[in-house]
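Structural characterization, general
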Amino acid sequence: MKDANFTKPSGRDSLGRKFALVVFLAIVAAGFSIGYVVVLLQEKIALDQQRQVVEQNAIRYAAQLNDNFLQKEQKAIAANQIVSRSLARAKLTAPKRLTASADGSIRAQDQYSAAFVAATNYNSRTSALFEHTATLWQQLSPLLLQDFFNFYFISKEQFIRIAPGDWALQVEAGHDFSKDLFYQVATPEQNPARQPRWTPLYYDSIWQKWMTSLIIPLYINDEFIGVTGSDFVLDDILAGLPHSGPGQYHSKAFLFDHQGMIIGLRQQSIAENVPMNTRYSGVTLDNKVLQQFAQQAAASPNQLSQLSKAIPQQLVSAALVERINWHVAVYIDKAVVKASLSEFRSKLLVVFVLVALLVALLLQLVIYQFVLKRVNRLSAAIYRLSRGDLQKVELDHKADEIGLLNQAFGRMSDEISGLVSGLNARIEEKELAERSARKLSKAVSFSSSGIVITDQFLSIEYINPFLTEIIGSSAEQLQQKPLHSLFAEEMHHVGEEIAETLSERQHWRGDMLLQHQERQLWVSLAIAPIRDEKGDISNYVCAMQDISFIKQSQKKMEQLAYYDVLTGLANRSYFRDQLRKAIAMSHRGYYSFALLYFDLDEFKRINDTLGHDAGDELLKEVAKRLISRLREEDTIARLGGDEFAVILSGIKDRGQASTIAANLQQAFAAPVKLGNHEVSISASIGITVAPEDASEEELLLKHADLAMYEAKARGKNMFHFFSPDLNEAANERLLIENQLREAIREHQFLLYYQPKVDIRDNTIIGYETLLRWLRPDNTLVPPLRFISVAESTGLIVQIGEWIIWEACRFLSRQHSRGHNITLSINLSVRQFNDDNLPEIVERILLRTGANPKCLIFEITESMLMGDTDAAINQLNQLKRLGVSLSIDDFGTGYSSLSYLKRFPVDELKIDRSFVKDIPDDRNDMDIVAAIIAMAQKMNLRVVAEGVETAEQVEFLRKNACYLVQGYYFSMPLAEQELSRLNYVVNS
């Protein structure tokens, strides 16, 4: 084994020195690189730590400022309550003792405060305010001026008392307070909820300062008297804002409002003559990036973290001051942080380079002393081997890389010497393999499984005798035919799938139906590749096991698994499978199909009335009628209970689907005989068309379900196609549900009250409580839009409990004023069915002190017609508390007199649908007269609602129905508006 190209190695020491030099330089370079990376990481860590400090400072500053505003609010509210109670107890009338000044004003001053009113508004009431508020301000102003710039009271008669008094002494005689921002925000029109409000920043031309005012409305016996106010000067707000934070780096801070306006000092000279009430327009920061950050943070408060990280020059963070809806922003220049690290970076790099030099020198010494000598010895041995010297050379076998290399070289020498003997062994192994192949060939020929060998294109090359026998053919007939020629016709699409799968994964396994001439059988088929010496596929081997008996068993099991036992129709599982297949066919463009989803109207009532056996017979009859009216290719399924679904295949358009749906409704038209009873049935059908409406399984089911519920909502016994409007309506319901949850958290609900009048003497004897939803933008959401959503989601229970609380407080307030009235509260279905309702009502009555005898709970007939025993038990539980019960909308539900006499009710309310057409509709008049007569016979109070005309009032009076309510007397009003009614309240 000699090679003329091999020469004796020379210059090995020189090569070693070069290698050591390269290692030395590599270590130095690595040390420098590592040091540089460490510096970069340290800089990133320092920036991240400082970013956290900035975020914490922003949150802390915002909390401090928020607490400051909150403390001021609490002190101002306490002062407002003191003023309210003092004025309520005082007799606000006094002789006029002051004289008008030359400018037409009345002014008075003491050491604590001053007061002002125009001479035209000076009367006995404002004269009393001059005297009474002077004493009051002597007590309050020293306390309020500790926290506020001033403290004042403005009455609706244009009177003001203020401390310090300079403002009242300088204001013009003709000043109109109703136009002042610090008065308007608390009027009943602008503040119906009577909440304290901070004004926007504005300019006071008398104080010559920018400020915001905390304005609180003042009411006495529900009458708006005026406002109390306290000013918070912008200079003081900004002076309290920290200008630098703790830590290694000094941070800076600024304020901006919810619109991104920067809040800072504005230098306005007196010569500019800025008008009173001028709105603050903000200042401009020198740093345009921070200005832009404030605007973006105000527009997207939920993305503060992302916005902060998007600013390259500064570390900035902002936090919300909730009481005033401002933000505090804290920032630090990144350059300051980076500059402090420059000295550390230089020192660290020098340290890493020195350490790398030291390590490189030590490593070079180790390489020369412990590596190169052994490498030279191994190199000499390799040179000898290349020259054909096969004599074994002794090398060290230490447990390191060179030792392993020496061992490998020794093994290689041994292997070269053993190659000749190895070749002989391979020849013997080949002979053994040929004998094994002959044995395998015989085993395949006599196997009890079907074996087929094909070429790489799945053409049959060999088929064993067992398979030819069971399919009734010969091997010569099947030679060179494609494998799929063995498959039944309906399985040819599986043959295409086999070819695709083998091209991707080279293996296939599954069940296959074989057919030759008239003979069919199911087999379990497995196909695997045979590869040549290069690893390429040369053939495929196919193994088949007869599973016909298993398939027959599966078919019987599928009958049990996929079909409804009661009706014989497909069940839910089979229906979903067929729906997926129909969707797949429509994707391939074979046809469109329609999905019908429906249930029986009033099935529950029939089931509850006649029993479950009758309900089962009804479902069987419905199944028969469906089968008789639909085609064989259509899939009919019972999904559960009285829910059915139909897949109409090959539907060309909606007109064809409409025809079939109408045909189904005709099938339900004939009555069904159930024992001795004959019942009428109908169905509400929802229709969706695929792929026009949707091409996904869940979407199709959802669309069909929405269409069915729309058909029910439109009166039942009809069909309705899905449209995008239904989906929008569902999304609208979801939006309202989310907004309702927010409304509950934010207390956005109000109660309105509609008077209940005794028309014998036009006396208000009670009110009905009505819920209103007032959004933050002062828009009222109609109850028809959100009550049904609240009912279906269960939120109505929480809202209903709040209504009972507020209504009982209202009832207690009315009784404390000497008004002997009743109060009606509507109960929802969910609320009435809540077992905890009596306990909740009892707790509220105890807490509020409301008289239960004056409380009336209104329920509808439909709420009583389900589980009547449970309903009667719930009514009795409420009656034990002493409250009264009323049936609302009487005449529109079941109106079952047999049930009515069992319910412990005290009152019937005639529905407005019977009242509205009086006197034009004679039938409505007769129905109303009959309800009144029946209620009187049963010793029940009767109330007519929806009264809007004098003719309706006269008709009800003649028929002895004296308790009425409606727009003829009054629309529902807020509590503070009830005092404007021109009716006497029962006392």
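Residues numbered from 1 in each chain as written. Predicted model: local features only at pLDDT ≥ 70, side-chain atom pairs only at ≥ 80, totals over all residues. Heavy atoms only, no water.

This part takes up the sheet that holds strand β12 (residues 314-321). One open sheet holds the four strands; their spatial order is β10-β9-β13-β12, and the pairing between them is antiparallel. The open sheet has two free edges, formed respectively by β10 (262-263) and β12, since each of these has just one partner strand. Where strand β9 (residues 252-257) lies against strand β13 (residues 326-333), six bridges are found, and the strand directions are antiparallel. What sits directly across from Phe256, in β13, is His327. In the packing of helix α6 (residues 288-299) onto the sheet, the strands contacted are β9, β10, β12 and β13, and the crossing angle to β9 comes to about 45 degrees. (Pairing = 2+ DSSP bridges. Helix = DSSP H or I, 4+ residues; strand = E, 2+ residues; numbered from the N terminus. Contact = heavy atoms within 4.5 Å. Axes fitted to C-alpha atoms, helices over the stretch in contact; angles between N-to-C directions.)

Right, let's get into the packing of helix α18 (residues 612-629) against helix α19 (residues 654-667). Put simply, α18 and α19 touch, their axes get as near as 10 Å, and they point 140 degrees apart. Regarding the angle of α18 to α19, the classification is oblique. α18 and α19 meet at a crossing whose hand is right-handed. Taken together, the residues of α19 that come into contact with α18 (itself represented by Arg625, Leu626 and Arg629) are Asn663, Leu664, Gln666 and Ala667. The residue inventory of the contact of α18 with α19, partitioned by class, reads three nonpolar, two polar and two charged. (Parallel < 35°, antiparallel > 145°, perpendicular 65-115°, else oblique. Left-handed = near helix turned anticlockwise from the far one by under 90°. Nonpolar A, V, L, I, M, F, W, Y, C, P; charged D, E, K, R; others polar.)

Take the pattern of salt bridges next. Going through the model one piece at a time under the given rule, you end up with 30 salt bridges. Two residues, Arg580 and Glu697, come together in a salt bridge whose shortest N-O distance is 3.2 Å. Highlighted residues: Arg580 in helix α16 (residues 572-587) and Glu697 in helix α20 (residues 697-713), separated in sequence by 117 residues. Note on Glu697: relative accessible area 13%, which makes it buried. Members of the salt-bridge network, linked through shared partners, are Arg194, Asp222, Arg813, Arg817 and Glu975. (Salt bridge = Lys/Arg side-chain N within 4 Å of Asp/Glu carboxyl O. Buried < 20%, exposed > 50% of the residue type's maximum accessible area, 1.4 Å probe, protein only.)

The buried fraction of strand β19 (residues 593-600) is high, at eight of eight residues. Burial along β19 is two-sided: Phe593, Leu595, Tyr597 and Asp599 and Ala594, Leu596, Phe598 and Leu600, pointing in opposite directions, are all buried. Summarising the sheet, β19 and strand β21 (residues 643-649) pair through seven bridges and their orientation is antiparallel. By the bridge assignment for β21, Leu596 is matched with Val646. Relative to strand β24 (residues 683-690), β19 is paired through eight bridges, and the arrangement is antiparallel. In the strand pairing of β24, Leu595 is matched with Thr688.

The next subject is helix α29 (residues 922-937). Across its 16 residues, α29 extends 23 Å between first and last C-alpha, which sits within 8% of the 22 Å expected from 1.5 Å per residue. Three or more residues of α29 are buried, namely Asp924, Met925, Val928, Ile931, Ile932, Met934 and Ala935. Asn939 sits one or two residues past α29 and shows a positive phi near 60 degrees. (Expected span 1.5 Å × (residues − 1).)

What follows is about the sheet that holds strand β18 (residues 537-546). If you walk across this open sheet you meet the five strands as β15-β14-β18-β17-β16, and the pairing is antiparallel. Strand pairing shows two members of the sheet lacking a second neighbour, β15 (460-463) and β16 (508-516), which therefore form its edges. Geometrically, the sheet is characterised by an average inter-axis angle of 30 degrees between neighbouring strands, direction not taken into account. Bridge analysis of strand β14 (residues 450-455) against β15 gives three bridges, and the strand direction is antiparallel. Bridging across to β15, Thr454 finds its partner in Ile460. Sitting on the sheet, helix α14 (residues 492-505) is in contact with β16, β17 (519-531) and β18, with an inclination near 145 degrees to β16.

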